[in-house]
Amino acid sequence: MTAVQQSAAPHPAVRQRIDWIDTAKGLCMILVIVGHTLPYGNLMRNFIFSFHMPAFFFLTGYTARRPDTWQGFARRVRKDFVALIVPVLGVVQVFNVLLNFFLSDDRSLTNLWDIARYNAITLFWASGNPADGIPSCGMPWFLFALFWGKLIWELLGLLFPKGDFAVSFIVMLFGAYIGQVQYLPQCLDVAMVVVMYLTLGQLFRQHQALLDRYRVPLFLAMLIPWAWCCQQGIYIELASRTYSNYILCASISVCGIWIFCHLCRELNANNALRPALSFLGRHSLWLFFVHHMDVFTSAIWQKDRLLFTLPCRIGWDILLSLLLLGCWTLLRTGWRRLTAK
């Protein structure tokens, strides 16, 4: 084959990263840390919780590509399981068990088994908040909800290729109703709510040119009700299934996501902030796990000294994430060189 023929030969499509999406994910992870540090009822916390977790699901739907075959669906499920669930089982579960065991006064194998069994139960329910007889697994609820939400969303795309929005809306309402009555294992009731945000993210990308044409009036129309509802304490919390007036709470979350995404697109033009936020967005899972482990030191962060506490906690979590990422990169590079010999 000649050089001309080689250059003309088709190459596998490589998915390009979207800069403002990485910027949005990086900023969202910082807001997660801020939201978990602010006291309950704080106005800034209301604003953050009104959109930050739904925004992660929305951004996933924006960048995701649904499989159009059952073989592609099976491959996607395996890939998402390895990317989302395996780290929880291999990192969070082991870390939680060992840490609680060594912090305990009882170092017997029986106590180790009891701790491991309790943690297994928390991961079985994968609930972000405790309920009657249901323990909380903490922050990993997000990864379980994302995994099952994507699975349901992609499955619906295969079964109802032309009724996407209507079916997603029905599934969302059903999940929201179930969550008010009984938590489902694996956070499945929240996962059904997640389906709608994935769908909205996809629709936003498909119609972005049209929506951008009216971005200023839409921005203003969404800003006013979003600000008023957050000031009144009306917002959604997916982890605790706090959405009694669900249609209103979900609508307000969409307003918050819309405003946040447009601000991130503008922020992405800032050459000073974009590299740092984009880097955090590309490695948001590392920061997520570090912040989950940071729950064990939450007593250090005094909520009555927020001007001091917030930058310290954000800096601490980012620093640990960079250290772990650097160690992992060195280990992976060393392993590759060792196996290449």
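Everything discussed here concerns the structure shown above.
Given the structure is predicted, the values throughout are model-derived calculations rather than measurements. (Residues numbered from 1 in each chain as written. Predicted model: local features only at pLDDT ≥ 70, side-chain atom pairs only at ≥ 80, totals over all residues. Heavy atoms only, no water.)

*Asks:* So what exactly am I meant to see when it comes to the overall build of the chain here?
*Replies:* A count of helices and strands for the chain gives 15 helices and 0 strands. Its C-alpha radius of gyration of 21 Å places the chain within 12% of the 20 Å reference for a compact globule of 341 residues. Seen along its three principal axes, the alpha-carbon backbone of the chain occupies a region of about 70 × 65 × 45 Å. The buried share of the chain, taken over its 341 residues, is 46%. (Helix = DSSP H or I, 4+ residues; strand = E, 2+ residues; numbered from the N terminus. Rg over C-alpha atoms; globule rule 2.2 N^0.38 Å. Buried < 20%, exposed > 50% of the residue type's maximum accessible area, 1.4 Å probe, protein only.)

*Asks:* It is not clear to me how the side chain of His-262 should be interpreted in this structure. Could you clarify?
*Replies:* Position of His-262 relative to the elements: it lies in helix α12 (residues 246-267). Residues within four places of His-262 in sequence aside, it is in contact with Phe-204, Asp-212, Arg-215 and Phe-219. (Contact = heavy atoms within 4.5 Å.)

*Asks:* For this particular structure, what's the right way to read the packing of helix α5 (residues 70-103) against helix α7 (residues 141-159)?
*Replies:* The angle between the axes and the distance between the axes are what describe a pair of packed helices. Interhelical geometry of α5 versus α7 gives an angle of 175° and a closest axis separation of 9 Å. Looking at the two axes, α5 sits roughly antiparallel to α7. Contacts between α5 and α7 involve Trp-70, Phe-73, Arg-76, Val-77, Asp-80, Phe-81, Leu-84, Ile-85 and Val-88 from the former and Leu-143, Phe-144, Leu-146, Phe-147, Lys-150, Leu-151, Glu-154, Leu-155, Leu-158 and Leu-159 from the latter. (Axes fitted to C-alpha atoms, helices over the stretch in contact; angles between N-to-C directions. Parallel < 35°, antiparallel > 145°, perpendicular 65-115°, else oblique.)

*Asks:* Honestly, unusual backbone geometry in this entry has me stumped. Any pointers?
*Replies:* Excluding glycine, a negative phi dihedral is what most residues carry, and trans is how most peptide bonds are arranged. Phi at Ala-126 takes a positive value of approximately 50°, unusual for a residue other than glycine. Assignment of secondary structure puts Ala-126 in the loop between α6 (109-125) and α7. Unlike most non-glycine residues, Arg-241 shows phi in positive territory, near 55°. Following the sequence through the fold, Arg-241 ends up in the loop between α11 (215-231) and α12.

*Asks:* Which parts of the structure should I look at to understand the packing of aromatic side chains?
*Replies:* Given two aromatic rings, one states the distance between the centres and the angle between the planes to describe the pair. Inspection of the entire model under this criterion finds 19 aromatic pairs. Grouped by ring-pair contacts, the aromatic residues Phe-56, Phe-57, Trp-141, Phe-142, Phe-288 and Phe-289 constitute a single cluster. Lying across the ring of Tyr-183, Arg-241 places its NZ or CZ 3.7 Å from the centre. Geometry around Trp-20 places Arg-265 over its ring, the cationic atom sitting 5.9 Å from the centre. (Phe/Tyr/Trp six-rings, centres within 6.5 Å; stacked < 30°, edge-to-face > 60°. Lys NZ or Arg CZ within 6 Å of the ring centre and 35° of its normal.)

*Asks:* When you look at the packing of helix α14 (residues 284-294) against helix α15 (residues 306-340) in this model, what are you seeing that I'm missing?
*Replies:* Two elements in contact, α14 and α15, have axes whose closest approach is 9 Å; the angle formed by their N-to-C orientations is 125°. The orientation of α14 with respect to α15, classified from their angle, is oblique. Along this stretch, α14 crosses α15, giving a crossing that reads as right-handed. Along the contact surface, α14 presents Trp-286, Leu-287, Val-290, His-291 and Asp-294, while α15 presents Arg-313, Trp-316, Asp-317, Ile-318, Leu-320, Ser-321, Leu-324, Leu-325 and Trp-328. Of the residues that constitute the contact of α14 with α15, the class distribution is 9 nonpolar, 2 polar and 3 charged. (Left-handed = near helix turned anticlockwise from the far one by under 90°. Nonpolar A, V, L, I, M, F, W, Y, C, P; charged D, E, K, R; others polar.)

*Asks:* Before we go on, may I ask you to explain the pattern of salt bridges in this structure?
*Replies:* Side chains that differ in sign of charge can pair as their charged atoms come close. If you walk through the whole model with that rule in mind, you get 6 salt bridges. In this structure, Asp-114 and Arg-117 form a salt bridge, with 3.3 Å as the shortest nitrogen-oxygen distance. Here the residue Asp-114 and the residue Arg-117 both occupy positions in helix α6, the gap between them amounting to 3 residues, near one helical turn. Among the ionic pairs, Arg-241 bridges to Asp-189, the shortest N-O distance being 2.8 Å. Of this pair, Arg-241 sits in the loop between α11 and α12 while Asp-189 sits in helix α9 (residues 188-206), and the two are 52 residues apart along the sequence. By relative accessible area, Arg-241 is classed as buried at 4%. Among the residues examined, Asp-189 registers a relative accessible area of 0% and is labelled buried. (Salt bridge = Lys/Arg side-chain N within 4 Å of Asp/Glu carboxyl O.)

*Asks:* Where do I start with the nonpolar core in this structure?
*Replies:* Across soluble globular proteins, you tend to see nonpolar side chains buried next to one another. In this structure, Phe-57, Trp-141, Phe-142, Leu-238 and Tyr-243 are the most contacted members of the largest nonpolar core, which totals 88 residues. With 12 residues, the top contributor of residues to this core is α7. Not counting residues within four places of it along the chain, the set of residues in contact with Tyr-243 comprises Ala-176, Gln-180, Val-190, Val-193, Ile-236, Glu-237, Leu-238 and Cys-249. (Core = buried A, V, L, I, M, F, W, Y, C linked by side-chain atoms within 4.5 Å.)

*Asks:* Looking at this model, I keep getting lost on a nonpolar patch on the surface. Mind explaining?
*Replies:* On the surface, a cluster of nonpolar side chains totalling about 330 Å² of accessible area is made up of Phe-81, Val-82, Val-86 and Leu-89. Mapped onto the fold, Phe-81 is located in helix α5. (Patch = residues over 30% accessible without salt bridge, like charges linked within 9 Å, V, L, I, M, F, W, Y side chains within 5 Å. Areas by Shrake-Rupley, 256 points an atom, 1.4 Å probe, with all protein chains shown as cover.)

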